[in-house]
Structures are given as C-alpha cells and as structure tokens.
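One-letter residues, chain by chain:
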2 protein chains.
Amino acid sequence: MDFRAAAHRLADWIADYLEHPERYPVLARVRPGDVRNALPSSPPRHAESYEAILADFERIILPGITHWNHPGFFAYFAITGSEPGVLAEFLSAALNVQAMLWRTSPAATELEEVTLSWLRQLLGLPDAFEGVIYDTASISTLHALAAARELAVPEVRRSGLSGRAELPALRVYCSEHAHSSVDKSVILLGLGHDALRRIPADTEFAMRADALDAAIAEDRRAGLQPIAAIATVGTTSTTSVDPVEAIAAICQRERIWLHVDAAYAGVAAMVPDCAWLLRGADAADSLVVNPHKWLFTPFDLSVLYCRRMDVIRQAFSLTPEYLRTSEGEAGVRNLMDTGIQLGRRFRALKLWMVLRHFGAEGLRERLVEHMRLARVLANWIDESDRFDRVAPVPFSVVCFRLRDASDDEQQRILDRVNASGDVFLSHTKLDGRFVFRLAIGNLHTTEAHVARAWALLNEAAGL
Amino acid sequence: MDFRAAAHRLADWIADYLEHPERYPVLARVRPGDVRNALPSSPPRHAESYEAILADFERIILPGITHWNHPGFFAYFAITGSEPGVLAEFLSAALNVQAMLWRTSPAATELEEVTLSWLRQLLGLPDAFEGVIYDTASISTLHALAAARELAVPEVRRSGLSGRAELPALRVYCSEHAHSSVDKSVILLGLGHDALRRIPADTEFAMRADALDAAIAEDRRAGLQPIAAIATVGTTSTTSVDPVEAIAAICQRERIWLHVDAAYAGVAAMVPDCAWLLRGADAADSLVVNPHKWLFTPFDLSVLYCRRMDVIRQAFSLTPEYLRTSEGEAGVRNLMDTGIQLGRRFRALKLWMVLRHFGAEGLRERLVEHMRLARVLANWIDESDRFDRVAPVPFSVVCFRLRDASDDEQQRILDRVNASGDVFLSHTKLDGRFVFRLAIGNLHTTEAHVARAWALLNEAAGL
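Residues numbered from 1 in each chain as written. Chains lettered and ligands numbered in written order. Predicted model: local features only at pLDDT ≥ 70, side-chain atom pairs only at ≥ 80, totals over all residues. Heavy atoms only, no water.

What about the overall build of chain A?
Within chain A, the secondary structure is distributed over 15 helices and 12 strands. The C-alpha radius of gyration computed for chain A amounts to 24 Å, which stays within 12% of the reference 23 Å derived for 463 residues, consistent with globular compactness. With respect to the three principal axes, the spread of C-alpha positions in chain A is 60 × 60 × 45 Å. Looking at chain A residue by residue over its 463 residues, the buried ones come to 69%. In chain A, of all internal contacts separated by at least 6 residues, the share reaching a separation of at least 24 is 73%. Summed over all atoms, the accessible surface of chain A reaches about 14,400 Å², with 47% contributed by carbon and sulfur. (Helix = DSSP H or I, 4+ residues; strand = E, 2+ residues; numbered from the N terminus. Rg over C-alpha atoms; globule rule 2.2 N^0.38 Å. Buried < 20%, exposed > 50% of the residue type's maximum accessible area, 1.4 Å probe, protein only. Contact = heavy atoms within 4.5 Å. Areas by Shrake-Rupley, 256 points an atom, 1.4 Å probe, with all protein chains shown as cover.)

Right, here's the structure in full:
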C-alpha cells in the first residue's frame, strides 16, 4: 500500500470513526502496561508496510485510547476535533510549515492575523487587543504573567530577580478556584509559589473583589509588590465567573496587570445572551481563550489577546543573525518575537476552516444547545431526591453530588459509571467534598447522551 | 461535499503535493498584506461548503506558503513532513486525544515511553535517561534550565528569586554559537540575560572548554553562582560540535547541570560513523533532540532526555483535585507532571509511525545520504575559484561565501537565488561576515537539487 492508498484508507477509517465513535468505550479499558507490553522493546530494523503499521494501530493502540471525540465524553472540559479541523490538520501536516517568521510562510502569519481578528469580533473585544496563537492556555498565561513581570520590575530582562537586594518579593493574585497553570507560571518565572495569593471565593465560587482589595492593601503594607491579578471567566471546577469589572477597577487603581483566563468559557461571549461574561474584560491587559476547548478546533490552539503585545515583545524579542530577513520585509510581523517558542505550527489554518465551516451562526447554535443540555441535566438533578446540584450552571458544566453519601461512595459510583464505556465523567472537590462534574462540549453530544449519563448515575447510586 | 468526500479529495491533493511539491516556488512570492487583503475582514455569518473553503485554500493561502516540504528547501534547518508522519497527524487530529494523564489515553502515554526508548537505543544513550515529548527545543531547554535552577537554589519553587538578599546572581554558560532559545530561557526563568555567559569558540566554532573553565573560576571569585552549562552538538550557524566530554568533566567537577542541545544533529548519532558526536553526553543531566528537525517527523515534536526527571517533577508537579485519578492507577506516569503545559497532543503516534515506516536502517541510509550530499557541495565549493567554504561540514549543512564580495553583494546574490523559486537558502554571520548557509534535510532532496542551488549561486554571482 503506497501513501495515496493509505491516505484513502485513513480517510474512510476517520469518516467512519467520526460518524460512530460510540462503537468504542469512551474511557480506555486497558490496564497499566498493556499497550507497552504489546509493543516490541526495540526499534524495527527494517521498513514496515502501512498495512502492518495500521493493523497494529487498530490492534494495540486503539484499545488504549480514551475517546475525547466521543459524544459521551463529559470529563474535564469536553472538546471536539471537528471535521473541518481534522481536514485542516491533515493539510497542515503535509505543508509542514514553521511559522516563526513572516517569510517562512506569509500565509501562516497573515491567516493568524485575520482569523484572530474574526474571533475577536465574535467575542466583542476591542481592536486594541492584538492576538497571537500559542499551543496551550498554560503558555498563554505564562506570557501574560511574564509581561506583568517585565512591566513591574525594571531591568528584569537584563538583570533577573536574584542577587538584587533592592527588589521586594512580588505578588500575583487569583481566585482560590483559578487554574493550576497560574501556579506553574509563577514558579517558572522565578516569583515562587508563595508569590501567588489565592483570594477566597463567594458562595457561588467567584472571587470576592473585596477580599482581593484587602489582600493587596495588606501586602503593600507588608512591603510586598503586587504585579498582576488573574480573573477567571469559567473556572475549571464549576465554571464560575469572577467579577471582572470590579477586579479590573482594582487593577487599574493599583496599576497592576489584569489577565483574564477565559480559556474555556470565553467563546460563549459570541452568544448574545452571554455577552455579559466578558463585561469588564475590555479593560484587561490580556485575555486567553482556547478554541481547542469549546470551539470545536482540534487540540492544540490557544489564543492570547493582549493590549500590550509590545511588552511581550520587549520581554522576549531576540533576533540572531541566521533569522534576520531583508529590509524588504520591514513592517511585517515575525511571530517568533511574541513568544518563547521559536518554532510555531501553522495552527491558524484549522481555526479558519472551523470558523468558515460552521459560520458564526452555526457556532452560536451549538454553544446554545450545549448550554441547554446542561440546564436540562441541572433540572433533572434539581428534581431528583437523590442528587444535589452544588453550583450554578452558567455554561455547559454541571456539578452535583449524591445526597448523604461519603466521598468514597461517590468515587465508587463514578468508577462504575465510567466503566460502562458509554460515558466518562470526572470529579472535583468543593468545600472539601467530592463532587461529580459533567462537562458538555462535544459537537455530537445530544440529549440522549446526557440522559444516558443520568440513567447510569442513578443506576449506580441505587446499587 | 461531505467530510468523507472532502477527506478523499485531500488525500489525493496531498499525495499529489508530496509527489511533486516542485510545481510551487519554494519561497512564497506574495508581498506583505497580499493574503490578508484577499480575505474578508469579518467572520462568515453562515456555514460555508468544503468546496468553497478548499478553493480559497488553493487560491489565497497556497500562494502565501513557503514550502518547507519542498526538496529545494535549504534554509534554516531543512525538515520533512514525511508520508507516515502526515498520516499519523491525520489520525491524531481525529482522535483529538489530550495526553495529560495516563487515563486520558493510556496508549498516548505508553506509546511515548516505547518510542522514546526506541529512539534512545538508536542514539546509544544509557537507559538512565528518561524521555518526554515537548513541542519545541525551546521548551525542552527551558525545562532543563528550570531543573538546574531547582537544584541550585534551595526553595526556589516556594520562595522564588526576588526579595532574597542571600541569593547570589546565578550564571549559565553556553557557546557564543548556542541557540537563542537559551537566552529566552534564562530571561523567562528570572535569571536575567546577564546571567548567560557566552563562551568563545575555537576556529572551528566549537566552545573552548578551557575558556569555560576560566569563566566559571572567574565568576566564582566574583561571588556569582554557576548553575548550568549548555553544550551544543550541531550549532545553528555551522553545526559545529562543542567538546562534550571536556565540558561534562568540568560540569561534574563544578557540580553544575549539563544540558546538551543536540536538537538538530543528535539523530545522526544513529549512524555508526557519527556515534562519536554524543561522546560524553552519557554524563549529561539532560539532552534535547528534535525528530521534527532531521528525523522526517512533522513539526512539532521535541524530545528531552533527562537523568533527573525527578527534579523536573519536583519543580512543576502539581495536581489539583479535578485531575486526581483513582488509586488503581498508582504507579502510572502522568505526563502533565513533567512540564509546564497541562495540555499535550498525542505526538508519539507520528514518531512511532516514522520509525516503523523507515526502520532503523532506512533512517540511517537517508541521514548518510544527506551528509554525502553536503560533502558533494563542500567539494564543489572547495574546487571553485569563486566561493570559499568557511566552516567544517560534520553533518548536512554547508557554510560558504563568495570570495572578495561585500556583505551587500552576498545578500543580493542570495535574494536572486531565492527568487528563482527552485531553492531557498538562508544565511548567517561568522566572524562578522555574511555567509551563505545551505542545509540539507528534506527526504526528497537529491543531488540534482543541490546542483541546481550551486548553479543558481554561480549564475547569480556572475551577473
């Protein structure tokens, strides 16, 4: 089988897969070591045929796949490798473009500008936000906090943080429900984990702006230097929304960087009923939104919108001779200047194809439907006499628990439900207690899939 | 056209493209703004057909592509999106797996372990090196230096670097020819750009171990704290090889982290004649090698091998409740613990398919052929009375310049050659002078392509 034949075979295999992922259990059933032990421990000496490789893919690899593209996937944040996105990745791999400089593929740079302008319009963000694509929200948030450090600490790029007795300890603020990538960023940036002060949330899991205010005042009195706050729009546990407007007012008064983490929920701002969710974000310094989460774009594609991209360039721009281009290209953007990764995949292609394939109205419809499904489940829970809903449902994630059951019992129920192969849910803890989390985000999820999850939960709880 | 039809159409388009990329000029001929201006400034409101999207891809995007997969691509480091790699990316996009935890796709974690073990065996590295896949060498090197910082500065994870009067300024060492990602890493980590001390190279562009030794001694006398050195095996400008054994001996004596940057040339260690190139690397703490550079794997896939992965985990491991898994999975590796990026694509699949499709012997043959082609060109240059070769050719990159010509003239010649559409070369500067750089690395490059580049250079130089 030559490449052409193999590509056609995969085209059919993938078309079948995307039509009926439900033939596979959503959560892989292999035990640790099963896949490893089924593979040779040494590399093949001689070339092998596509037949042999693809047969092993189906026989050995596939049983070890947890099917993120399955409509019964409700864990973490459910995502979709949509059809136009999959086609774009196929093309992108064949072109194998490295979009570090404008000249290394002008279309990659300019398509990134155009699609990020389209997305910005859909979200209702001001033009002052310049966008750039990174791989993950972890990296987007890292760049935002690096920019905050750059602004706050004179000469940090040249002189760093250590051995400078004049520098106070720095502080970054986020909600107790903010994502762990904020922790990893402050550690990496040399601020130290203690530099991250987690602000208590209210009863709906949103950061208390008054507590942020008090924390900053306290830290200033103690001689510490606040440099940034992160407001989360759609936290990972409950998708709660921090009061961005109030936080933005505090950040402006205190002259500290405001980064909005809208990685999951930001895309919902394109739905008219949800436009409120980015209210206040127009005053932020940066905002991250991940089309690979809830905008049907294959993983990975995270977007950082930033009002001060000049600060990110100031922090990282660095052009060795072998990357200099002729003066004829003056004025073009070289995207390598906006990040720590020199190499950049041609990721804009998949976002462009997704936006065109669905159209703005099509995207809105699907987001609205996911939010409807979440409310349907929330109603079932609210009407149930066995389960309690434990958080508001502003978007497409529902948090709930079995009434009068221990955490261990809840965990056993979750394991039983996930063993069904029909659905896969994950959990979190709220106020110290185990909570089921059902996240809707796959394009092919219907009410029947949510109902199946609900039936399985009730069945498992009744055992 | 539905997805299946579109996928088959792309299968043919891509098969044709990979068979004859030479129908396109290798360096894009568009002017700044051409692609952007050909696209609507607002997002489409309604869904569009695959016909329309793919037609625009061919009409608007393709002319703005610089063809990295073209056999006449000799710029930077030439790379290949090989056929098995392209197929793997198609599959990977459809599965859309996020390999952060073992359970989120056991096959992704275990295939990563197996393929990285295969690659380690091919390179002749000891088993003590644990491997992990990142996106780029920038990120691999960043993790290596973060680990060095973690070991050198007690409590850096918790307390950071600022406001700690007891901490001395830190130092990292690399050759004057080391990659700019080292600069970006020390900046990001809060060490400051001044913390990076670039060590002079010898006449063959390799770091002088005696100069490293002297620099460390001088810095220690000045009260600075050396924490790491980077030895480069295949520098970006000339592919020179630092004396790893001598550098390793210094690092061991000084108890500082040794990171080997073998991003480009490391894969050549699988060729018996080149096994020397990683001599001494077995004593390193970490080593980066990029299959997406010279191992025919579509971009992006960088591998960090590390003897002290425990230090990287100690620096970054952090498990919020929503990512905890049941005790039944104790003992499995959760790859999110090894990095700052929580999200991880299923990249191992493409490396596995590439290793199987070519087999170890097939890979060796192709690397040997690329090195032969580089020597062929080097001989032509050496026999020429117009061009001078300006660096040794240990691998597949040749550096040379036109005799008795100014830098401006050389630049004009390069621009003329690149305007041909047949080949694309880049340049560097050595000893302050402009140098042509011809890098061989595409799977479909033959002697005819190198000869064409040589003819174009001579023609342009004769004008």
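Things to note about the side chain of Asp300(A)
Structurally, Asp300(A) is set in the loop between α11 (291-294) and β8 (302-306). Classification of Asp300(A) as buried rests on a relative accessible area of 1%. A polar contact is formed between the side chain of Asp300(A) and the side chain of Arg347(A), at a distance of 3.1 Å. Excluding its chain neighbours within four sequence positions, the residues that come into contact with Asp300(A) are Asp135(A), His292(A), Arg345(A), Arg347(A), Lys350(A), Arg345(B) and Arg347(B). (Polar contact = N/O pair within 3.5 Å; in protein donor to acceptor, adjacent residues only side chain to side chain.)

With respect to the pairing of strand β10 (residues 397-402) of chain B
Residues and elements named next belong to chain B. β10 sits mainly inside the fold: 6 of its 6 residues count as buried. Pairing of strand β9 (residues 387-389) with β10, which is carried by 3 bridges, proceeds in the antiparallel orientation. Across the sheet, residue Arg389 finds its bridge partner in β10, namely Phe400. (Pairing = 2+ DSSP bridges.)

Section: the sheet that holds strand β5 (residues 225-232) of chain B
Residue and element names in this part refer to chain B. Spatially, the 7 strands line up as an open sheet ordered β2-β8-β7-β6-β5-β3-β4, and their pairing is mixed. The sheet is open, and its two borders are formed by β2 (130-134) and β4 (196-199), each paired with just one other strand. The sheet shows a mean angle of 20 degrees between the axes of neighbouring strands, direction not considered. In this structure, strand β7 (residues 286-289) lies alongside strand β8 (residues 302-306), joined through 4 bridges in antiparallel fashion. Bridge assignment links Leu287 to a residue of β8, and that residue is Tyr305. (Axes fitted to C-alpha atoms, helices over the stretch in contact; angles between N-to-C directions.)

Some remarks on the sheet that holds strand β11 (residues 424-430) of chain B
Backbone-to-backbone hydrogen bonds join strands into a sheet, with any given pair of strands oriented parallel or antiparallel. Residues and elements named next belong to chain B. The mixed open sheet is built from 5 strands, whose spatial order is β1-β11-β12-β10-β9. Since the sheet does not close on itself, it has two edges, and those belong to β1 (73-74) and β9, each with one partner. Relative to strand β12 (residues 433-439), β11 runs antiparallel, the two sharing 5 bridges. Bridge pairing links Ser426 to Arg437 in β12. Relative to β10, helix α13 (residues 348-383) is tilted by about 20 degrees, and along the sheet it contacts β9, β10 and β12. The strands that helix α15 (residues 447-462) touches are β1, β9, β10, β11 and β12; relative to β9, the one it contacts most, it runs at about 130 degrees.

A word on the interface of chain B and chain A
With 153 residues of chain B at the contact, the number on the chain A side is 153 residues. Among the residues of chain B in contact with chain A, Lys184(B), Tyr322(B) and Arg356(B) are the three that bury the most area, contributing 6% of the side total. Counting across the interface, chain B meets chain A through 18 salt bridges. Two residues, Arg4(B) and Asp16(A), come together in a salt bridge whose shortest N-O distance is 2.6 Å. On the surface where chain B and chain A come into contact, there are 71 residue pairs in polar contact (both at pLDDT 80 or more). For the side of chain B that touches chain A, the leading source of residues is helix α1 (residues 3-19) of chain B, giving 15 residues. Class assignment for the residues of the side of chain B that touches chain A results in 82 nonpolar, 39 polar and 32 charged. (Buried area = accessible area lost by both parts, 1.4 Å probe. Salt bridge = Lys/Arg side-chain N within 4 Å of Asp/Glu carboxyl O. Nonpolar A, V, L, I, M, F, W, Y, C, P; charged D, E, K, R; others polar.)

Some thoughts on the packing of α13(B) against α15(B)
Residue and element names in this part refer to chain B. Running from amino to carboxyl end, α13 crosses α15 at an angle of 30 degrees, the nearest separation of the two axes being 10 Å. With respect to α15, the element α13 is oriented roughly parallel. In this structure, α13 crosses over α15, and the sense of that crossing is right-handed. Contacts between α13 and α15 pair Arg372, Leu373, Val376, Leu377, Trp380 and Ile381 from the former with Glu447, Val450, Ala451 and Trp454 from the latter. A class-by-class count of the residues in the contact of α13 with α15 yields 8 nonpolar, no polar and 2 charged. (Parallel < 35°, antiparallel > 145°, perpendicular 65-115°, else oblique. Left-handed = near helix turned anticlockwise from the far one by under 90°.)

A short note on the environment of Trp118(A)
Following the sequence through the fold, Trp118(A) ends up in helix α5 (residues 106-123). For Trp118(A), a relative accessible area of 1% gives the class buried. Between the C-alpha atom of Trp118(A) and that of His67(A), which follows or precedes it by 51 residues, the distance is 30 Å. In this structure Trp118(A) touches Trp352(A), Leu355(A), Arg356(A), Pro40(B), Ser41(B), Ser42(B), Pro43(B) and Pro44(B), once residues within four positions along its chain are discounted.

In short, geometric facts, not functional conclusions.
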